[in-house]
Each structure stands twice: as C-alpha cells, then as structure tokens.
Amino acid sequence: MHVFQPIPVENLELNPFETIGKDWALVSAGSKQKANTMTVSWGGVGVLWGKNVAFIFVRDSRYTKEFIDAGDFFSISFMGKEYKKALNYCGSHSGRNKDKVKEAGLTWNYKHSIPFIDEGSFVLLCHKLSATRLTEDSFLSPEVSKWYQDGDMHTMYVGEIIELMAR
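Quick caveat: nothing in here was measured; it's all calculated off a predicted structure. (Residues numbered from 1 in each chain as written. Predicted model: local features only at pLDDT ≥ 70, side-chain atom pairs only at ≥ 80, totals over all residues. Heavy atoms only, no water.)

(A) The overall build of the protein chain, seen in detail. For the protein chain, the helix and strand inventory stands at four helices and 10 strands. Reading the protein chain from its N end, one meets helices and strands in the order β-α-β-β-β-β-α-β-α-α-β-β-β-β. Computed over C-alpha atoms, the radius of gyration of the protein chain comes to 15 Å, within 12% of the 15 Å expected from 2.2 N^0.38 for 167 residues, which places it in the range of a compact globule. Across its three principal axes, the protein chain shows a C-alpha extent of roughly 45 × 40 × 30 Å. Here the contacts in the protein chain between residues at least 6 apart in sequence split such that 72% fall between residues at least 24 apart. Approximately 8900 Å² of the protein chain is accessible, and the part contributed by carbon and sulfur atoms is 52%. (Helix = DSSP H or I, 4+ residues; strand = E, 2+ residues; numbered from the N terminus. Rg over C-alpha atoms; globule rule 2.2 N^0.38 Å. Contact = heavy atoms within 4.5 Å. Areas by Shrake-Rupley, 256 points an atom, 1.4 Å probe, with all protein chains shown as cover.)

As structure tokens, this is what we get:
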C-alpha cells in the first residue's frame, strides 16, 4: 500500500479538461466486502450548495452504478499516465463476474471504509449529495441525443469532497 496524505481541498490544482476528459479517472464504491470500480471521463469539480463537490456521470448499464446507488460514498482515483492500459481495461470490462481490479493490475485500499484504487496519484473521497438521472426530455440541444441512441442513459452524481488525499 502507498502512503497518502490528506491535503486541504483548496490546494487541489487540476485542469479538469485534461485530467478528467483526457487522462480519465476511476470511480469506486462499495464496502470492504464487495466493491467495484469503473473508468470515467465525464465529470468535474466545483462549488455547489456551499460545498466543495465533484460530479460524475454513470450509465444505467454499469455495474458500479449499483454500488453507488446502494451507499452514501464514492471515491474518484486519478491515475498517472502509466495506468492508461488499466483504465482502458476497467472501462471496457465488467466486475460482475470477475475481479477486474486484480486483472487490471490494481489494488484496493480504504479510508473511512470508502474503497479507492491504491495506485492513484490523488483521490477524492466523496459523500453522495444527489443523483439525477438524465432524460431525453431534459436535453436543450438536439445534438446531445447522439450519446444515447441505445437508450443507456446517465445518472449525474454530485458528492461533497470530504477528503482529498495525495502522495
């Protein structure tokens, strides 16, 4: 296990367009008994409801969604570029019937009983504040529908960042 240090969330230096949109991250949820992770490339960080928050988007079909829906917490692990292959694997394989974390060469770790990926360079631990399912009738621009031709919609999760850990 690697040593993480808590740092003030105000010290987070992040270009979300690069770090989330291009480098991606792993969203994890569950418990020490059973957890799952998945790759995300849609989301962001900011301030909402007077809190420092992170928001992510998870499709209905994803196994990790069951864990996020069932619990109060999730983590977002940001990985170095050397983990792109593992991120590709976690984004294209389900953990329903296999230990995809192990198969991707990654390791579970836990803080406050929240699962996260130990190989991350920094991790956001989040308390779930809201879950909003996107629906086609909420789209204001017709071009958004192209992302949902198969009907597999996203839920937007907003979580208060309760702790930021970095190496």
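(B) Spatial organisation of empty space enclosed by the protein. Across all of its chains, the model carries one cavity of 30 Å³ or more by this definition. Every element with two or more residues in the lining of the largest cavity is listed here: β4 (43-48), β5 (51-59) and β6 (73-78). Per-class residue counts for the lining of the largest cavity are 11 nonpolar, two polar and no charged. (1 Å grid on protein atoms, 1.4 Å probe; cavity = no way out; pocket = protein on both sides within 12 Å on 5 of 7 lines; lining within 4 Å. Points joined across faces, edges and corners; volume = space filled by probe spheres on them. Nonpolar A, V, L, I, M, F, W, Y, C, P; charged D, E, K, R; others polar.)

(C) View of the layout of surface pockets. Within this model, the largest pocket holds a volume of roughly 260 Å³. Elements with a minimum of two residues in the lining of the largest pocket: β3 (35-40), β5 and α3 (84-92). Classifying every residue of the lining of the largest pocket gives eight nonpolar, five polar and two charged. As a volume, the second largest pocket reaches approximately 190 Å³. Around the second largest pocket, the lining comprises 16 residues; the ones closest to its centre are Lys34, Ala35, Asn36, Asp99 and Trp108. Listed by contribution, the elements that provide at least two residues to the lining of the second largest pocket are β3, α2 (63-70), α4 (100-103) and β7 (108-111). Considering only residue class, the lining of the second largest pocket consists of six nonpolar, four polar and six charged.

(D) Structural context of the packing of aromatic side chains. In this structure the tally under the stated criterion is eight aromatic pairs. Each ring, one from phenylalanine 139 and one from tyrosine 148, has its centre 5.4 Å from the other, and the planes form 25 degrees; the classification is stacked. The same class applies to phenylalanine 139 and to tyrosine 148, which are both buried. For lysine 84, the ring lying beneath its charged end belongs to tryptophan 24, and the centroid distance is 3.5 Å. Above the face of the phenylalanine 4 ring, arginine 167 is positioned so that its terminal group lies 4.1 Å from the ring centre. (Phe/Tyr/Trp six-rings, centres within 6.5 Å; stacked < 30°, edge-to-face > 60°. Buried < 20%, exposed > 50% of the residue type's maximum accessible area, 1.4 Å probe, protein only. Lys NZ or Arg CZ within 6 Å of the ring centre and 35° of its normal.)

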